[in-house]
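The residues making up each chain are set out below.
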Amino acid sequence: MAPEAPERERAVAFTLNGESVRCRAPVRTHLGDLLRDAFGLTGVHLGCEHGVCGACTVLVDGRAVRACLMLGVQADGTVVETVEGLTESGSIRDLQDAFHARNALQCGYCTPGMLVTAAELLAEGGVPERAAIRDAIAGNYCRCTGYHAIVDAIATTAEARHAAGRDAAE
Amino acid sequence: MSADASGLTFLDRPNSYIGRSVPRPNARRLLEGRGVYVDDVPAARLGHVAFLRSPHAHARLLSVETAEAKGMPGVLAVVTGAELAAICTPWVGVLGHFKGLRSAPQHALAIDRVTWVGEPFCAVVARSRAEAEDALAAIAVEFDPLPAVVDMETALDPGTPPIHAELGDNLAFERSLDVGDVDAAFRDAALVVEETFQFGRHTGVCLEPRAILADWAAADGLLTVHHSFQAPHMMQDILCKHLALPEGAVRVICKDVGGSFGIKVHIYPDEMATCALALMLKRPVKFVADRLESFQSDIHARDHRVTARMAFSAEGDILALDMDDLTGIGPYSVYPRTSAVEANQVVNLTGGPYRHRHYRARARVVLQNKAPTCQYRAVGHPIATMVAEGLVDLGASRLGLDPLAMRERNVIPDDAYPCAGVSGIKLEKLSHQAALAKLKAMMGYDALRAEQASLRAQGIHRGIGLAAFIEITNPSAAFYGVGGARISSQDGCTIRLDPQGGVVAAISVTEQGQGTEGIIAQIVATAVGVPMEKVRVISGDTQATPYGGGTWASRGAGIGGEAAWQAGKALRANVVAVAGAILQADPASLDLRDGAVVDAESGTERMPLSELGRIVYFRSDTLPPGVQPEFVATRHYVPKDYPFAFTNGVQASYVEVDVQTGFVRLLKHWCVEDCGTVLNPLLVDEQIRGGIVQGIGGALFEHCLYDAEGQLLNGSMADYLVPMAGEMPDIEVAHVVSPTTSSEIGAKGAGEAGTAGAPAAVVNAINDALRPLDARVSRQPVTPEVVLEALGLV
């Protein structure tokens, strides 16, 4: 009797940037490739594909996750947000403005992952110290800026949200 | 910075954007995840290529069996080196002005022999990258391992076999320089210090790996190449040459590029192979390096060992410098810029800030079975700066002089320019004295020394390190062209005025995040006289921009910017002439400001550009007789007065060394540099900061480690350490402004200054901290292990 053929694809359904989506995902495809290839979300950047550089960071159920370390099929039933979704919802508009004004990006390849990581930090509320900001983004590699401007932009955003009373964590 | 017909310099034109911290217009799309990097470019019928790479540092290829792989799911083609060589000719990375430089022919895919771990020798094209990689595993290869030349120190030994038999030995290039009477200077010196410095191999680690998508449209006779690259016209020329295509048959597009730093300005075998495969298969083929491939096959840099000594008078004058540099460049000199440049720069630059007149240097460039090395950000500068600044600190310490005072005493005075440096380099205008004075004030030098001393008494080991440096920018044809390389040193800008008053500027320098398009928009808006939001900039497309060199060697702003300035002025003159004819006014009495034709004297608006555009484009029947408007202007620029525009600067680092663990904590970093006219402080400062952190990476963390057999031991980002936010200090930046007079905008380059000086500043700071313990480090990266070795603890 021939051995059973290995399962190569599986149906997945999840919420992606506010929309219900479904697709057949190759079981060996990581979430980053799935988001790029099946849904055209090319803002998800692949830098190392072994979980170190942070370029592919997305939010899964509100937590920052490396899309290269999670299989696409594991997204089944979750809520996934990428930089495209966060942009459309306007939830990080102030952060993006601060990055722009401070020139906290150069080539832009780390930027989506950096923004997602910073968004998670900012969602905790309060005004973090510079060292705490550096610690929070220590898993996101940026070759261009030297980080100083990124820390400035995140700090500026945190201060502005706090001053406006928009930093509550609830 | 000359005044133009309007009587105004660009800094005081009414709508000048020069010198202002204007955010980059093209950064918005990157912030919204809407960048288009090569891997984001859609293509129908796309084939993905994966390469089989050598697992040996050196081996003969006895057989490559591809039959099984060809039958694997999704596979479109499996191609060996011999098959690819039928359509892609080999190259040799030598240039005429590096006399004696030798290398061997290099193929896109190795044919008989592999010469480093990671060299590609067989390609699989499949419908997906995963299927291509599946098929790689089904290729059977027989190797005959050969002795590997790994250690550069023994590469020239008589018993070491030559990597390329036809060359006879492993010496690729040697350069010697002997100026003044070095022996006499050392003989008469009050003090001679000597040190051997080692500089580990490291690499660029661009976050976007190298990537290329080539599409051969046979019906159009056009090969369109989307490339993560810095020099599209150079790539076009080289593809034409090696794929036997006419110039018009190749279009290279470099849109968003995810970091480059010199990594993406060289010819890579796998990228040439990808283009050849597109021709062969008559369909688009894409290659995106994965991270392991990046570590194995991106160019590496540094890997120098320098033994040097410096002679001093009793008062602390530097009298002479004598050095010997040995560097290993891998098995081939990289095409087309060659791998001799870094050593050559070390010879040209070492001790460059100082006024000694006796200098001897020898550089030897040897072949070895490791990844090829070539030009990477600040080529040679970090080595040259470390050698001189390390010796200056050693001299100051032995003579009991303050390191900052030592530099103040020895730099070429600011009023001595123009002059020549001891190596023969021509220096137009540098500002070492002003930079040192500014740095001293900015960092609160004296207070910091006091703090250091009081903490030392408490057993806390802090150090202050300084590094004065010079940087090569704005290269003329002297850099590559004179040696026969078809690398353009001139650049051009074409500016067009559209009917509504919009302006489109096509520029041949390229953008990899520096802000090239931003500063071009600033310059064009200022020169033409329109609001910046009216300007669109096109770059990175051989079919759409004037011919030019692209962006490398800190040339984008100084060379591309001047071309844009001249083109903008020419367009303004054209526009004002037509407006004068329509308004029956002397063109000399008119100007163009903020998008309107105005009376030059009073500033009163005479006609908005939209009205002028309406008449010129849609009602040319109403133009006065004989008026033919030319609302497009093109200008080119290349520096002619000097081969290079040298810049200068000084950096300082403040560190704390844990003498139990060897860990170095970076507390603060400062830089004062002089890039001439600062077009956009926001962009220049971030170039400096980013460059500093890249330099710190090489100083403390980054190292491509090979074992004795030539195996790369750390080809992942988990094992190869790069600077991350948590370890990096805040960085203060300031400027001295000495514009070059060889252009009207007066801008010199700023892209490499940070990387040039940071390692020396940090290493000198570590040694300053270790001085009371009678310990010194001189091997980069300065890992905790290196510190503990210096302390005799391991």
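All values reported here derive from a predicted model rather than from experimental measurement.

A.B. asks: Would you mind showing me how to read the overall build of chain A here?
C.D. replies: Helix and strand counts for chain A stand at six helices and five strands. Principal-axis analysis of the C-alpha atoms places the extent of chain A at approximately 70 × 35 × 25 Å. A buried classification covers 55% of the 170 residues belonging to chain A. Accessible surface, chain A: about 7,200 Å² in total, of which carbon and sulfur atoms supply 50%. Charged side chains of chain A number 15 positive and 22 negative; the gap between the two group centres comes to 5 Å.

A.B. asks: What should I look at first to understand the overall build of chain B in this one?
C.D. replies: Across its full length, chain B holds 19 helices and 29 strands. For 794 residues, the compact-globule estimate of 2.2 N^0.38 gives 28 Å, and chain B sits close to it at 28 Å. Considering only C-alpha atoms, chain B reaches an extent of 85 × 75 × 45 Å along its principal axes. Out of the 794 residues belonging to chain B, those deemed buried represent 66%. Restricting to contacts in chain B with at least 6 residues of sequence separation, those with at least 24 account for 80%. Only carbon and sulfur atoms are counted for the fraction: they give 52% of the accessible area of chain B, which is about 25,500 Å².

A.B. asks: What is the right way to look at the domain arrangement of chain B in this model?
C.D. replies: The accessible area lost on association of the parts is a frequent measure of interface size. Residues and elements named next belong to chain B. Segmenting chain B into domains produces domain 1 (27-35 + 490-637), domain 2 (38-146 + 209-257 + 263-297) and domain 3 (300-477 + 641-790). The C-alpha centroid of domain 3 is placed 40 Å from the C-alpha centroid of domain 1. Facing the 18 residues of domain 1 at the interface are 19 residues of domain 3. In total, about 1,400 Å² of surface goes out of reach between domain 1 and domain 3, with carbon and sulfur atoms giving 52% of it. There are one salt bridge connecting domain 1 and domain 3. Note that glutamate 744 and lysine 569 form a salt bridge whose closest N and O atoms lie 2.8 Å from each other. At the junction of domain 1 and domain 3, the tally comes to 12 residue pairs in polar contact (both at pLDDT 80 or more). In terms of residue class, the side of domain 1 that touches domain 3 is made up of eight nonpolar, seven polar and three charged.

A.B. asks: Mind showing me how you'd approach the confidence of the model for chain B here?
C.D. replies: Detailed reading of the predicted coordinates is not advisable wherever pLDDT is low. Looking at chain B, pLDDT values average 97 and 99% of them are 70 or higher. Overall fold confidence (pTM) sits at 0.98, and the ipTM for the predicted complex is 0.97.

A.B. asks: What should I look at first to understand the domain arrangement of chain A in this one?
C.D. replies: All names here are of chain A. The domains assigned to chain A are domain 1 (9-86) and domain 2 (92-163). With centres defined by C-alpha atoms, the gap from domain 1 to domain 2 works out at 22 Å. Taken together, the contact pairs 17 residues of domain 1 with 12 residues of domain 2. Roughly 1,200 Å² of surface becomes buried between domain 1 and domain 2 when both sides are summed, with 59% attributable to carbon and sulfur atoms.

A.B. asks: Got a minute to help me understand the nonpolar core in this structure?
C.D. replies: What tends to happen in soluble globular proteins is that the nonpolar side chains get buried as a cluster. Among the nonpolar cores identified, the biggest contains 226 residues, and Phe99 and Ile154 of chain A together with Leu223 and Ile766 of chain B are the most heavily contacted of them. A total of 11 residues in this core trace back to one element, the largest contributor, which is helix α18 (residues 753-770) of chain B. Formed by 51 residues, the second largest nonpolar core is a distinct cluster that contains Phe10, Val537, Ala567 and Met607 of chain B.

A.B. asks: Where do I start with the state of the cysteines in this structure?
C.D. replies: Two cysteines form a disulfide when their sulfur atoms are joined by a covalent bond. For the structure shown, the criterion picks out zero disulfides over all chains. Here cysteine 48 of chain A is not disulfide-linked; the sulfur of cysteine 53 of chain A is the nearest cysteine sulfur, at 3.9 Å. By relative accessible area, which is 5% here, cysteine 48 of chain A ends up buried. Cysteine 107 of chain A provides the cysteine sulfur closest to cysteine 206 of chain B, a residue in no disulfide bond, and the two sulfurs are 8.1 Å apart.

A.B. asks: It is not clear to me how the interface of chain A and chain B should be interpreted in this structure. Could you clarify?
C.D. replies: Each partner contributes to the interface: chain A provides 47 residues, whereas chain B provides 50 residues. When the two sides are added together, the surface that chain A and chain B hide from each other amounts to roughly 4,100 Å², 55% of it contributed by carbon and sulfur. A per-residue breakdown of the area chain A buries against chain B is headed by His100, Tyr141 and Arg143 of chain A, which together make up 20% of the total. Summed over the shared surface of chain A and chain B, the number is 10 salt bridges. Note that arginine 36 of chain A and aspartate 40 of chain B form a salt bridge whose closest N and O atoms lie 2.7 Å from each other. Put simply, chain A and chain B have 30 residue pairs in polar contact (both at pLDDT 80 or more) between them. Mapped onto the side of chain A that touches chain B, the elements with two or more residues apiece are α2 (83-89), α3 (93-102), α4 (111-123), α5 (130-136) and α6 (148-163) of chain A.

A.B. asks: Looking at this structure, I do not really get the sheet that holds strand β8 (residues 191-203) of chain B. What am I missing?
C.D. replies: Strand pairing in a sheet relies on backbone hydrogen bonds, with the paired strands running either antiparallel or parallel. Residues and elements named next belong to chain B. If you walk across this open sheet you meet the six strands as β7-β15-β14-β13-β8-β29, and the pairing is mixed. Taken across any chain shown, the strands that pair with only one partner, and hence form the sheet edges, are β7 (171-179) and β29 (779-780). Across nine bridges, the pairing between strand β14 (residues 318-328) and strand β15 (residues 358-366) is parallel. What sits directly across from leucine 326, in β15, is arginine 364.

A.B. asks: Explanation requested: the environment of alanine 756 of chain B in the structure shown.
C.D. replies: Residues and elements named next belong to chain B. With respect to the secondary-structure elements, alanine 756 resides in helix α18. Judged by relative accessible area, alanine 756 falls into the buried class, the value being 0%. If sequence neighbours within four positions are ignored, alanine 756 has contacts with Ala378, His381, Pro382, Thr385 and Phe469.

A.B. asks: What should I look at first to understand the side chain of threonine 755 of chain B in this one?
C.D. replies: The residue threonine 755 of chain B is located in helix α18 in this model. Each residue touching threonine 755 of chain B, except ones within four places of it in the same chain, is listed here: Arg302, Arg377, Ala378, Pro382, Gly691, Ile692, Gln694 and Gly695 of chain B.

A.B. asks: When you look at unusual backbone geometry in this model, what are you seeing that I'm missing?
C.D. replies: Excluding glycine, residues mostly carry a negative phi; peptide bonds, for their part, are mostly trans. Look at the link from tyrosine 335 of chain B to proline 336 of chain B: it is a cis peptide, with omega at -5 degrees. Considering the arrangement of structural elements, one finds proline 336 of chain B in the loop between β14 and α9 (341-349). In this structure, the amide linkage connecting tyrosine 417 of chain B to the following residue, proline 418 of chain B, adopts the cis form with an omega of 0 degrees. Although it is not a glycine, glutamate 49 of chain A adopts a positive phi angle of roughly 55 degrees. Although it is not a glycine, lysine 282 of chain B sits at a positive phi angle of roughly 55 degrees. Take lysine 282 of chain B: it is sitting in the loop between α7 (269-281) and β12 (285-288).

Basis of the calculations
Residues numbered from 1 in each chain as written. Chains lettered and ligands numbered in written order. Predicted model: local features only at pLDDT ≥ 70, side-chain atom pairs only at ≥ 80, totals over all residues. Heavy atoms only, no water. Helix = DSSP H or I, 4+ residues; strand = E, 2+ residues; numbered from the N terminus. Buried < 20%, exposed > 50% of the residue type's maximum accessible area, 1.4 Å probe, protein only. Areas by Shrake-Rupley, 256 points an atom, 1.4 Å probe, with all protein chains shown as cover. Lys, Arg positive; Asp, Glu negative; His and termini not counted. Charge placed at Lys NZ, Arg CZ, Asp CG, Glu CD. Rg over C-alpha atoms; globule rule 2.2 N^0.38 Å. Contact = heavy atoms within 4.5 Å. Domains from an automatic or database assignment. Buried area = accessible area lost by both parts, 1.4 Å probe. Salt bridge = Lys/Arg side-chain N within 4 Å of Asp/Glu carboxyl O. Polar contact = N/O pair within 3.5 Å; in protein donor to acceptor, adjacent residues only side chain to side chain. Nonpolar A, V, L, I, M, F, W, Y, C, P; charged D, E, K, R; others polar. pLDDT = per-residue confidence, 0-100. Core = buried A, V, L, I, M, F, W, Y, C linked by side-chain atoms within 4.5 Å. Disulfide = S-S within 2.5 Å. Pairing = 2+ DSSP bridges.

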